[in-house]
Every structure is written in C-alpha cells, then in structure tokens.
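Examination of the molecular architecture
Each chain, letter by letter, is given below.
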Amino acid sequence: MNFVFLASKFTPYSLNNRTSMKNIVRVLGILALLLVVPVEATGIKKYRVKRIVIDAGHGGHDSGTSGKVSKEKDVTLRMALELGATIKKHMKGVEVIYTRKKDEFVTLHGRAKIANNNNADLFISIHCNGILKRKQQAYGTETYTMGLPNSKHNLEVAKRENEVILMEDNYEDNYGGFDPKSPESHILFAMYQNSYNDYSLRLAQNIEHQFKNRVGRRSRGVKQSGFLVLWKTTAPSVLVEVGFITHPEEEKYLNSQAGQSYIVSGIFRAIRDYKEALEGS
Ligand SMILES: [Zn+2]
C-alpha cells in the first residue's frame, strides 16, 4: 500500500515539472553539504597512525588460560613481539610500543596507561580464548570492541579476561568498585562508549576479514563486551582472541611458527588497510 501511494506521487507531470526537479536538486545539494560540512567545519586534524601499542595479554604470575601444552601468556607474548617486528619492518615512520616485552605481570589499568602516556593511535590487545572442558570443540577467532555483550559467551570471555584484576593490589580502588565476579557489573560497565568506537570497529572488522579470507581461519566474528583493558585507552582499541588454546588442534596451530606468522600477518594487513583507508594513501 505504501509503495502504491509513493509511486502515485511521481506522476509524469511532477517528474516533468521543472520546479519539482529544482527542489529535488536543492534537497540533494543540502544533503551532500550535511555529509561534508561537519568534517571540515569542526577542523579535526587528519587522523594518522603513528604510534601503535601492542599488548601481550597476561604475564608473570598471571598465566591466562592454559591448554594441554602451553600457556596463554607465552603464546600472546610471542605473537605480540612478532607483530611489533613486522610493523617496524614494513611500516616506516610508525612507532611500536609494547606493554610488556618479557614474562612479567602488568596490571590492566597499567596497560591502558602505557597507551595513553605514549599518545597511542591504536591499541591492540592479544589473547587466546579458552572454554570449559565439555565445550572443548570450540575453535576460531574473535575480535572484540567495547560494547554490550550480545551473547552469554561474549560476556563469559570478558569475565574471564577481567578476573585477572583479582591478582592486582588495590583493584577495588583502581577500577571504581568494579566486581569482576558479577555479571551485572559487566553489563553496566560494557555500556561505556567512547568516541573511538567507530574506529575500533573498523579495525576489528579488518582483522576478522583477514583471518577469514586470507589466513583461512574460522572467524567467529566481531563482537562486543566490556573489557577493563580497553576501558580507559584514549585510542581506537581492540582485543583479539587469536584462537582457542583449549582446542587441542588449535593449540598446536597457535604454538607453531607457521601458525603464529599467519596470524601476525593477518593482523598486520588489517592494520595496514585501516591506516591506508584513514590516511587516504
Ligand atoms: Zn586473555
């Protein structure tokens, strides 16, 4: 019914009517201006990617999730170092900063602080997924940005990653009373949005696109949940779950040199595409 109504408005008469056409052109012109003006009028500096902070998840007495033969903290560190080395080699003029370069404990708020103190243009946190024994068949990649979790699994991932603050001193003071064991606390906290969400999402989509189409991984998609490590970073930020360390085959892949290099090259190309799209080069 609506379609018929709309169609009846565009009679041959109105289409041939010069005044109507002028009005249409005027409206289109205003729409085009609306699309262009805010960017130019606000005088926002052209966004460039000059400093990338790479965060190897966990470390020291926080091992993260464990598989049969390896620990998350070791897998993430090797990949973080290789990603940094690849960026340094192939992206001239881009500075790489690590939140840790060895097996040491760094608090979640300390990681965000490193990013902010260095005026990071991107923050990439690398992790391995883990799941209960009865669901050991789960495998594949997930890339997260801050936002409301839309599944129980997404909430569980953030809970597991956030619970490491229990190993920190004064965690009650440093995270505003956040209770890592409470689902409600996670949901409320995940509602936090910052002005970088759109950029974070773009990078997350690039990463999962690379994993799926170039690296041949099973992409479980771009997801949202509330992560303390992404909370206070004042830069586009993503948390990449590069695979399930609890899946026996995937654990082998995550620990192999070839597997690590494929994953790193996927993340690298995602960053490169993101950078080129934003900088227009
Ligand atoms: Zn982790």
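Coordinates for the structure precede this section.
Remember, predicted model here, so these are calculated numbers, not experimental data.

Attention now moves to helix H8 (residues 183–190). Regarding H8, the residues found buried are His186, Phe189 and Ala190. The arc enclosing the buried residues of H8, seen along the axis, measures out at 100 degrees, which places them on a common side. Buried residues along H8 sit in contact with strand S4 (141–146), helix H6 (152–162) and strand S5 (219–225).

With 17 residues, helix H9 (residues 197–213) should reach 24 Å at 1.5 Å per residue; the first-to-last C-alpha distance of 24 Å fits that figure. Along H9, the residues classified as buried are Tyr199, Ser200, Leu203, Ala204, Asn206, Ile207, Glu208, Gln210 and Phe211. Next to the buried residues of H9 lie strand S3 (122–129), S4, S5, strand S6 (237–244) and helix H12 (257–279).

A few words now on the packing of helix H4 (residues 72–90) against H12. Relative orientation of the contacting elements H4 and H12 amounts to 50 degrees, with a least axis distance of 9 Å. Considering their axes alone, H4 and H12 lie oblique with respect to each other. For the pair H4 and H12, the crossing hand works out as right-handed. Contact with H4, carried on its side by Arg78, Met79, Glu82, Leu83, Thr86 and Ile87, involves Gln260, Ser261, Ile263, Val264, Ile267, Phe268 and Ile271 of H12 and no other residues of that element.

The strand order across the open sheet formed by six strands is S2-S1-S3-S6-S4-S5, and the pairing between neighbours is mixed. For this open sheet the edge positions go to strand S2 (95–98) and S5, each flanked by a neighbour on one side alone. The mean angle between the axes of side-by-side strands here comes to 25 degrees, regardless of whether they run parallel or antiparallel. Both strand S1 (residues 51–56) and S2 contribute to a ladder of four bridges, which runs parallel. In the strand pairing of S2, Arg51 is matched with Glu95. Where H6 meets the sheet, it contacts S3, S5 and S6, and its direction lies at approximately 70 degrees from that of S5.

Here we take up unusual backbone geometry. Positive phi is not limited to glycine here, since Asn119 has a value of about 50 degrees. Tracing the backbone through its elements, the reader meets Asn119 in the loop between helix H5 (108–117) and S3. Since 13 C-beta atoms lie within 10 Å of it, Asn119 is described here as partly exposed. Phi is positive for Asn170, close to 55 degrees, though the residue is something other than glycine. Along the chain, Asn170 falls in the loop between H6 and helix H7 (171–174). Overall, the presence of 9 C-beta atoms within 10 Å leaves Asn170 in the exposed class.

Moving on: the environment of Ile271. Residue position: Ile271 is located in helix H12. Separated by 69 residues in the primary sequence, Ile271 and Arg202 have C-alpha atoms spaced 9.9 Å apart. Once residues within four sequence positions are removed from consideration, Ile271 is found in contact with Ile52, Ile87 and Leu122.

About the cut-offs
Residues numbered from 1 in each chain as written. Predicted model: local features only at pLDDT ≥ 70, side-chain atom pairs only at ≥ 80, totals over all residues. Buried ≥ 20, exposed ≤ 12 C-beta atoms within 10 Å, placed from the backbone. Helix = DSSP H or I, 4+ residues; strand = E, 2+ residues; numbered from the N terminus. Arc of directions from axis to C-beta. Contact = placed C-beta atoms within 7 Å. Expected span 1.5 Å × (residues − 1). Axes fitted to C-alpha atoms, helices over the stretch in contact; angles between N-to-C directions. Parallel < 35°, antiparallel > 145°, perpendicular 65-115°, else oblique. Left-handed = near helix turned anticlockwise from the far one by under 90°. Pairing = 2+ DSSP bridges.

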